[in-house]
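# Close look at the chain arrangement
If you want the building blocks of each chain, they are given just below.
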Amino acid sequence: MTQEMLDKVKAIITANILTPVVYFIENEDTLEFICFCDRHITMQEIYNVEQMIKTVTGQNAEIIDIREFSESERLEVIHNAELIHSEHPIIEYVFAQSMVEDYRAAMEQRRSMLDRQRETGTFYLQ
């Protein structure tokens, strides 16, 4: 995808979906745009934007809310996807730090459960 086309797509997304960041992954058959979407946006609005992108690019587009990913998948997105929009550089940093903290909390919960299982023989509280 050319930079000019990517700029057009970014303009479509930011004009129609309230999101502080947009990450981009180009697959063979689909363009994936990973956002931190406003909770009030409907699936129909997302579908309409995907169709606008398809019209501009000629490829299938998928807009995905990053909250649909697990903590480890979020880190993978942040490290491997291309950041194509950030409202402000500090927002990008805060967003990435938040995703790292979510991952740490999940790993701490996992460690706690494993410790509980080792000490009591069960994962569940008794």
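## Re the overall build of the protein
Helix and strand content of the protein: four helices and four strands. The order of α-helices and β-strands along the protein, N terminus first, is α-β-β-α-β-α-β-α. Relative to its length of 126 residues, the protein is extended, with a C-alpha radius of gyration of 18 Å against a globular reference of 14 Å. In terms of its C-alpha atoms, the protein occupies a principal-axis envelope of roughly 60 × 30 × 30 Å.

## What about the side chain of His-85?
Inspection of the secondary structure assignment puts His-85 in strand S4 (residues 82-86). On the basis of relative accessibility, which here comes to 15%, the residue His-85 falls in the buried class.

## With respect to the pattern of salt bridges
Under the counting rule described, the total for this entry stands at five salt bridges. Between Lys-8 and Glu-4 there is a salt bridge, with its nearest N and O atoms 3.8 Å apart. Here Glu-4 and Lys-8 lie together in helix H1 (residues 3-16), a separation of four residues that amounts to about one turn. Assessed through its relative accessible area of 57%, Glu-4 is described here as exposed.

## A closer look at the pairing of strand S3 (residues 60-65)
For a regular strand, side-chain orientation follows a simple rule: the groups alternate between the two sheet faces. Note that strand S2 (residues 30-35) and S3 share six bridges and pair parallel. The residue of S3 that forms the bridge with Ile-34 is Ile-64. At this point the chain moves from S2, through helix H2 (residues 43-57), to the parallel S3, and the crossover so formed is right-handed.

## As for the nonpolar core
Core analysis: the largest hydrophobic core is formed by 18 residues, its most contacted members being Ile-13, Ile-17, Phe-33, Val-49, Ile-53 and Ile-63. When sequence neighbours within four positions are dropped, the list of residues in contact with Phe-33 reads Leu-6, Val-9, Ile-13, Val-22, Tyr-23, Phe-24, Ile-53, Ala-61, Glu-62, Ile-63, Ile-64 and Ile-84.

## With respect to helix H3 (residues 71-80)
Those residues of H3 not exposed but buried are Arg-74, Leu-75, Val-77 and Ile-78. End-on view of H3: buried residues confined to an arc of 155°, all on one side of the axis. In H3, the exposed positions angled more than 90 degrees off the buried face are occupied by Glu-76, His-79 and Asn-80.

So, how was this worked out
Residues numbered from 1 in each chain as written. Predicted model: local features only at pLDDT ≥ 70, side-chain atom pairs only at ≥ 80, totals over all residues. Heavy atoms only, no water. Helix = DSSP H or I, 4+ residues; strand = E, 2+ residues; numbered from the N terminus. Rg over C-alpha atoms; globule rule 2.2 N^0.38 Å. Buried < 20%, exposed > 50% of the residue type's maximum accessible area, 1.4 Å probe, protein only. Salt bridge = Lys/Arg side-chain N within 4 Å of Asp/Glu carboxyl O. Pairing = 2+ DSSP bridges. Right-handed = clockwise from strand over helix to strand, strands pointing away. Core = buried A, V, L, I, M, F, W, Y, C linked by side-chain atoms within 4.5 Å. Contact = heavy atoms within 4.5 Å. Arc of directions from axis to C-beta.

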